[in-house]
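# Examining the three-dimensional arrangement
This is what each chain is made of:
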Amino acid sequence: AQTVTQSQPEMSVQEAETVTLSCTYDTSESDYYLFWYKQPPSRQMILVIRQEAYKQQNATENRFSVNFQKAAKSFSLKISDSQLGDAAMYFCAYRSSNDMRFGAGTRLTVKP
Amino acid sequence: GAVVSQHPSRVICKSGTSVKIECRSLDFQATTMFWYRQFPKKSLMLMATSNEGSKATYEQGVEKDKFLINHASLTLSTLTVTSAHPEDSSFYICSASTPWAGSTDTQYFGPGTRLTVL
């Protein structure tokens, strides 16, 4: 089975600053997707951003962007201009045609 | 669009009884649905993957006779926890996705169901 590793259990950022959450994964497959999900206290999982492995260009969604390094199997999330509403658990996820895995999560705190 | 609902949101049951949780994709057809279990302050653990009209594929260590999954239509999957015990108490989350077919593949999550077994 593939593994997804988030090495930062907790991160903290000052409001309006930038923070980067790390994620690495292990796979032997060539066709897969990577995701970042946000889980606020309500526990509803919310898709933040997705990346197709075959695309070299890093995905961007407003203040959220990724640094996808396929050879290094790295998929970090950058949050710019952090807002109080960004505080949540963030999960990195991997999906292929026959597998779906989540990392252990990173709890992000945003300080006013 | 892409809304997934779960019912019930909370359920409390006695040990030994069975509980059914429904997962519905409200505005799209989901050929694949996933069932997860999440312990407090932990990540999501994939329990099983179900494809409409076929038997679910269970992850290693998940008892298929205890966690019955039915995916009878393109908009509904159910998880039945049979003969529930206190250790089955957890937060159960479903997700639904379109077919594995390129750039449209994304999972949409339900709001979860908190099961408490007394």
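Please refer to the structure higher up on the page.
Overview of the structure. Worth saying up front: this structure is predicted, and the values here are computed from it rather than measured.

Right, let's talk about the state of the cysteines for a bit. Inspection of every chain in the model, using the stated rule, returns 2 disulfides over all chains. Paired through a disulfide, C23 of chain A and C92 of chain A show a sulfur-sulfur distance of 2.0 Å. In this structure the cystine formed by C23 of chain A and C92 of chain A twists about its S-S bond by roughly -70 degrees; its chirality is therefore left-handed. Of this pair, C23 of chain A sits in the loop between strand 3 (19-21) and strand 4 (24-26) while C92 of chain A sits in strand 10 (residues 88-96), and the two are 69 residues apart along the sequence. For the pair formed by C23 of chain A and C92 of chain A, the shared burial category is buried. The residue that forms a disulfide with C23 of chain B is C94 of chain B, at a sulfur-sulfur distance of 2.0 Å. Measuring handedness by torsion sign, the sulfur bridge of C23 of chain B and C94 of chain B sits at about 80 degrees and is right-handed. Here C94 of chain B lies in strand 9 (residues 90-97) and C23 of chain B lies in strand 3 (residues 19-25), a separation of 71 residues in the sequence.

This next bit is on the interface of chain A and chain B. Listed per partner, the contact involves 23 residues of chain A and 26 residues of chain B. Both sides together, the interface formed by chain A and chain B hides about 2000 Å², and carbon and sulfur atoms give 50% of it. In terms of surface lost to chain B, no three residues of chain A exceed R43, R95 and M100 of chain A, which account for 33% of the buried area on that side. When the shortest N-O distance is used, the salt bridge between R101 of chain A and E59 of chain B registers 2.7 Å. Viewed at the interface, chain B and chain A are joined by 8 residue pairs in polar contact (both at pLDDT 80 or more).

Before going further, it helps to examine the side chain of Q6 of chain A. Residue and element names in this part refer to chain A. With respect to the helices, strands and loops of the structure, Q6 is situated in the loop between strand 1 (3-5) and strand 2 (10-14). Residue classification places Q6 among the buried positions, given a relative accessible area of 8%. At a separation of 2.9 Å, a polar atom in the side chain of Q6 contacts the main-chain amide nitrogen of C92. In contact with Q6, not counting residues within four places along its chain, are S22, C23, W36, Y90, F91, C92, G103, A104, G105 and T106.

The rules behind the values
- Residues numbered from 1 in each chain as written.
- Chains lettered and ligands numbered in written order.
- Predicted model: local features only at pLDDT ≥ 70, side-chain atom pairs only at ≥ 80, totals over all residues.
- Heavy atoms only, no water.
- Disulfide = S-S within 2.5 Å.
- Helix = DSSP H or I, 4+ residues; strand = E, 2+ residues; numbered from the N terminus.
- Buried < 20%, exposed > 50% of the residue type's maximum accessible area, 1.4 Å probe, protein only.
- Contact = heavy atoms within 4.5 Å.
- Buried area = accessible area lost by both parts, 1.4 Å probe.
- Salt bridge = Lys/Arg side-chain N within 4 Å of Asp/Glu carboxyl O.
- Polar contact = N/O pair within 3.5 Å; in protein donor to acceptor, adjacent residues only side chain to side chain.

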